[in-house]
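# Fold and geometry: a report
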Amino acid sequence: MSIKNRLHKAVTIALISAGFIPATSAEVNDLDVNNPNGTTITNSSTGNAVDLDNGGSFTVINNGTISSSATNNAYGVNADSSTTITTLSNTKTITGTASNSNGYGIGIGAATLNNLTNTGTISGTAANDIGRGIILMNTSTATNLTNSGTISGTAGDDLGYGVVVSTSTLTNLTNSGTISGTSVDDGAYGVFVSTSTLTNLTNSGTISGTSGDDSGHGVNVQVGSTLTNLVNSGTISGTAVDDGGYGVKVDASTLTNLTNSGTISGTTTNLGLGLYVDNSTLTNLTNSGTILGTATTRTGLGAVLGNNSTLTNLTNTGTISGTADAAGLGVLLTDNTTLTNLVNS
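Residues numbered from 1 in each chain as written. Predicted model: local features only at pLDDT ≥ 70, side-chain atom pairs only at ≥ 80, totals over all residues. Heavy atoms only, no water.

## With respect to the overall build of the chain
- Looking only at helices and strands, the chain has one helix and 34 strands in total.
- A compact globule built from 345 residues would reach a C-alpha radius of gyration of about 20 Å, and the chain, at 21 Å, matches this within 12%.
- When its C-alpha atoms are laid out on the principal axes, the chain stretches across 75 × 30 × 30 Å.
- A burial count over the chain gives 48% of its 345 residues as buried.
- Long-range contacts, defined as pairs at least 24 residues apart, comprise 76% of the intrachain contacts of the chain with a sequence gap of at least 6.
- About 12,800 Å² of surface is accessible on the chain, with carbon and sulfur atoms providing 50% of the total.
- Taking the average location of the 7 positive side-chain charges in the chain and that of its 19 negative ones, the two points are 22 Å from each other. (Helix = DSSP H or I, 4+ residues; strand = E, 2+ residues; numbered from the N terminus. Rg over C-alpha atoms; globule rule 2.2 N^0.38 Å. Buried < 20%, exposed > 50% of the residue type's maximum accessible area, 1.4 Å probe, protein only. Contact = heavy atoms within 4.5 Å. Areas by Shrake-Rupley, 256 points an atom, 1.4 Å probe, with all protein chains shown as cover. Lys, Arg positive; Asp, Glu negative; His and termini not counted. Charge placed at Lys NZ, Arg CZ, Asp CG, Glu CD.)

Printed below as a string of structure tokens:
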């Protein structure tokens, strides 16, 4: 390339980065991505704006916009087929928008993600069902997911998820920003872990699930999953207009250490639970903050040990409370449960 052409290319990139020249490029397939400010990468007919699926190793650096739109299955960034993303850094916008169902900001399926850092916005939106901000699925592995921006999943009907770990492994999820799942009807999850392993979940920001009808979960760990350490100094909340607002729910799974110095809350009309452990094991619950379940009518419970559950050590120097018109309880132990040590000061 001549010096003249090189200068022209460098000046063009600088003008695009400064926002003086807007640019749009088509789908990126199996290439490193370095997307500057003012530039948009959008999808072709596949529904993927960035599609990495040849089993190679890639970096994705986004300082502009990566945006996908499709009727179904729209992915801002998609990686699968044993592909590796060594670094995924986002300072601006990554979106996947489905006019029907399945909108994903970032999807990692049967792939490896070493480090994801987000200081911008990552969102998945569906006009109907299933909007997911970030999903790890199909035996994927991720080491570090660090968010100080916004990660959101929004559904016009059912099932909005902020971050999903499904049949996969994530070592560290660190949030000082906002992770949210929102649904107009049923099923909203800030962080959702199913048949998976998550070693460390550290939150100093906001994790929320907000449902227009039933089942709003801040953090949901289910179906044989393992979460070793959940440390919260921020806010984890689950809100549902009708039934089932859960701050943290552990179902048929294992949570070793839950340490809370912030706020964990479940709010709804009929059944609000701050912490719900059902058919599961929780070894250590240490609370110096607030764990709260609120229902405007029926039942508000701060912390519940459901059927066949075990809690070894509960140490409380903060507040665990339930508020409702009908029944409000701080701590409830149901059938076939075991609480070994309770220290309240």
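There is more to say, and it comes next.
## Looking at the sheet that holds strand β8 (residues 84–90)
- The strand order across the open sheet built from twelve strands is β3-β6-β8-β10-β13-β16-β19-β22-β25-β28-β31-β34, with neighbouring strands paired in parallel fashion. Every other strand in the sheet has two partners, leaving β3 (33–35) and β34 (338–344) as the edge strands with one partner each. Neighbour-to-neighbour, the strand axes of this sheet turn through a mean angle of 5 degrees, independent of strand direction.
- Bridge analysis of strand β22 (residues 226–232) against strand β25 (residues 254–260) gives six bridges, and the strand direction is parallel. Pairing of T226 across the sheet is with T254, part of β25. (Pairing = 2+ DSSP bridges. Axes fitted to C-alpha atoms, helices over the stretch in contact; angles between N-to-C directions.)

## A few points about empty space enclosed by the protein
- A complete count under the given rule lists one cavity of 30 Å³ or more for this structure.
- As a volume, the largest cavity reaches approximately 80 Å³.
- Along the wall of the largest cavity there are 13 residues; nearest its centre are A303, V304, L305, L311 and V331.
- Of all elements in the fold, only β27 (271–278), β28 (281–287), β30 (299–305), β31 (310–316) and β33 (327–333) reach the threshold of two or more residues within the lining of the largest cavity.
- A breakdown of the residues in the lining of the largest cavity according to their chemical character gives 13 nonpolar, no polar and no charged. (1 Å grid on protein atoms, 1.4 Å probe; cavity = no way out; pocket = protein on both sides within 12 Å on 5 of 7 lines; lining within 4 Å. Points joined across faces, edges and corners; volume = space filled by probe spheres on them. Nonpolar A, V, L, I, M, F, W, Y, C, P; charged D, E, K, R; others polar.)

## What to know about the side chain of S123
- Along the chain, S123 falls in strand β11 (residues 121–126).
- In this view, S123 contacts I94, T95, G96, Y104, G105, R132, G133 and S152; residues no more than four positions away in its chain are not counted.

## Regarding unusual backbone geometry
- Here the phi dihedral of N102 falls at roughly 70 degrees; this positive angle occurs in a residue that is not glycine.
- Along the chain, N102 falls in strand β9 (residues 93–109).

## Here's the deal with the pairing of strand β17 (residues 178–183)
- By the bridge criterion, six bridges tie strand β14 (residues 150–155) to β17 in an arrangement that is parallel. Pairing of T154 across the sheet is with T182, part of β17.
- Sheet analysis places β17 next to strand β20 (residues 206–211), joined by six bridges and oriented parallel. Each bridged residue has a counterpart across the sheet, and for T178 the counterpart in β20 is T206.

Nothing here speaks to function; it is geometry throughout.
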